[in-house]
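Okay, here's what each chain looks like letter by letter:
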Amino acid sequence: MIHLVLHLPEEAILGGPVFMRWMYPFERYMKKLKNYVGNKARPEGSIAEGYVADEAVTFCSMYFKGCETRFNRLDRNEDAPSVSRYLSVFNSQSRPLTSGLIKPLDHISREKAEWYILQNSPEIQAYLDEHLDKIRHEYPNGNHDVLHRQTFRPWFHKKIYELHKLGTLQNGDELLALASGSDYLATFYEGCVVNGVRFIASKRDQKRKTQNSGVTVAGTEGFNYYGTLEDVITISYTGAYTLSLFESTLATYHGGDGDGRDPPDPSRGGPPGEHVVEAWKEIHVKKPSGTFVNELAAKDYEELIKELDRKRLEQQSQSDTGTESESDTGYQFDVMETVLGQRSDYQIGVGKRLKGKGKKPIPQTQSTVPPQPTTEMMSTVADIFSAMRATWGVI
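The paragraphs below set out a description of the structure included in this document. Per-chain numbering applies: the sequence of each chain, read as written, is numbered from 1 onward. Whole-chain, interface and lining totals are the exception, using all residues; otherwise, since this is a predicted model, local features are given only for residues with pLDDT of at least 70 and side-chain atom pairs are given and counted only at 80 or more. Note that the side-chain values use all heavy atoms of the structure and ignore hydrogens as well as water.

With that settled, the discussion passes to the nonpolar core. Across soluble globular proteins, you tend to see nonpolar side chains buried next to one another. Nine residue types can take part in a nonpolar core, namely buried Ala, Val, Leu, Ile, Met, Phe, Trp, Tyr and Cys, and a core is a set of them joined through side-chain atoms within 4.5 Å. Burial classes follow relative accessibility: with a 1.4 Å probe on protein chains only, a residue under 20% of its type's maximum area counts as buried, one over 50% as exposed, and anything between as partly exposed. Residues Phe156 and Tyr237 are the most contacted members of the largest nonpolar core, which totals 29 residues. The set of elements that each furnish at least two residues to this core consists of helix 4 (107–119), helix 5 (125–138), helix 6 (144–166), helix 7 (172–180), strand 3 (185–189), strand 7 (224–237) and strand 8 (241–250). Here the element with the most residues in this core is helix 7; it accounts for five residues. Listed in part, the five residues of the second largest apolar core include Tyr189, Val215, Leu229 and Val232. Every helix listed is a DSSP run of H or I at least four residues long, and every strand listed is a run of E at least two residues long, numbered separately from the N terminus.

A word on the pattern of salt bridges. Salt bridges, as used here, are contacts in which a Lys or Arg side-chain nitrogen is within 4 Å of a carboxyl oxygen on Asp or Glu. Going through the model one piece at a time under the given rule, you end up with seven salt bridges. When the shortest N-O distance is used, the salt bridge between Glu68 and Arg73 registers 3.5 Å. Between Glu130 and Lys159 there is a salt bridge, with its nearest N and O atoms 3.5 Å apart. You can see Glu130 sitting in helix 5 and its partner Lys159 sitting in helix 6, a full 29 residues away along the chain. Relative accessible area serves as the criterion here: at 25%, Lys159 is assigned to the partly exposed category. Where salt bridges share partners, they join Lys32, Asp54 and Arg70 into one cluster.

This brings us to the side chain of Thr228. The residue Thr228 is located in strand 7 in this model. Within the structure, the side chain of Thr228 is placed 2.9 Å from the side chain of Glu230, a separation counted as a polar contact. Any pair of nitrogen or oxygen atoms within 3.5 Å is treated as a polar contact; in protein, a donor-acceptor pairing is required on top of that, and neighbouring residues in sequence qualify only through side-chain atoms on both sides.

The next point concerns the pairing of strand 7. For strand 7, a buried count of 11 out of 14 residues is recorded, marking the element as mostly surrounded by other parts of the structure. Only when DSSP finds a minimum of two bridges between them are two strands counted as paired. Note that strand 3 and strand 7 share three bridges and pair antiparallel. Along strand 7, the bridge assignment pairs Tyr189 with Val232. Looking at chain direction, strand 6 (residues 214–218) and strand 7 are connected through five bridges and run antiparallel. Bridged to Val215 within strand 7 is Gly227. The antiparallel pairing of strand 6 with strand 7 creates a hairpin that spans five residues between the two strands, and Gly222 there sits at a positive phi of about 105°.

This next bit is on the sheet that holds strand 5 (residues 197–200). Across a sheet, strands are paired by hydrogen bonds formed along the backbone, either parallel or antiparallel in direction. If you trace the three strands from one edge of the open sheet to the other, you get 1-4-5, paired in antiparallel fashion. Every other strand in the sheet has two partners, leaving strand 1 (95–96) and strand 5 as the edge strands with one partner each. Sheet topology places strand 1 next to strand 4 (residues 191–194); two bridges connect them, and they run antiparallel. Bridge pairing links Arg95 to Val193 in strand 4.

Here you go:
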C-alpha cells in the first residue's frame, strides 16, 4: 500500500483531478438502466423501451403547467426564501420540516435568547459599547458584566425610541422592533433546513433506531463541543420580523456564565472539557431509554471508561511526583483517540443499522501500525508534489 502512494501523484499529473475521471456517475447510471428491465429474457429491449419512454415523458414535462416536474421540483433540502434586512439577525431564516407548536416561552429562556440575539447583532455593537462604558463609569466597583446584561435592554429601548421619534434613525423600524423585545409566544419545530443542511431535534429520534440529532459547536479553546439538538425555536419581534434559534444540550458545558455567545469561562465554574467521554456517550444513546444505539457503541464506552481510569491513575502519579501533567481536557480527548482510533473500519455515523438479518454487529478488526516511510521515499514524494505544483498550480 505504501508503494501505491508513489504512483498517485504521477496519476494526478497525467489525468488531472480524480473527480473528473472516476466511474461513480457511470455506475449510478447503469443502476438506472437496470431498473428499466421488466422482461429478463429481453433485457436489451426493455432498456431501450424504458429509455425512450423516459426521454419522451421528460420532453413533454417541459410544457406542463401547474404540476411538479423534474424541472421545477424543489431540492430535498431547499432553503427558505431569502429576505433582505438591515439587521443580520433577522436574515436568520429556516424552512421547518414539521408543523409548529405555538406556546409561551418562559421568562428565563426568553431573557437568554434575547441577550444572545443582542450580542450577536454587529449593527448595535456601538450601543453595547456605549452602555458598558456608562456602567463602568457609574459603578466602578460593581460587577459590570451582570449590570450590563440586566440593564441594557431597557436602556437600549429608551434610546432607540427617542431617536426613532425624532426621525434621525436609519432603519428605525427594525432597530425599534429589536429594542422592544420578542413576543410572548414562540413557535417550536422538531426539524428544519438551514443553508442546505437538515437538522433534526432529539424528539424525533425517540421512536427511531437511528439517531440524527447530534450537533457540534466550534469552541474558542481549540476543540469542539458535542451535544444534541432539543428544539428549533422561531421567535417573532412585533409580529413582523422573525428569526430561528437552536436549543441544544451541550454535554461538555459545566458551569460558566452560559450567556449563549461564547463558551463558559473555565475560571467561572469548572473546566470546559470536563466529562468529554460522557458527552460522547450522550450522543450514542437513544432517548429516553438511555440504551446504546448498538452493541458496538456499548463496548466502546466500556473501553473508554477503562482507558480513562488508567490515564487518571497515570496523571495522579505524575502530580504526586511533581511532574507536569496534561490537562483534563487533553487526556480525555487522548483517551478517545486511543480507543476509537484502533478501529480502522469504525462507523462514522451514529446508530446506522448494520447489514445482515441479525442485530449482532459486524466484528471490527484492529488496524495494524503501518511501517514508517523512509527518507528516500519522502524525498521522492516531495519531488513529485513539486512537479505537480509547477504543472497545476497551488495544490
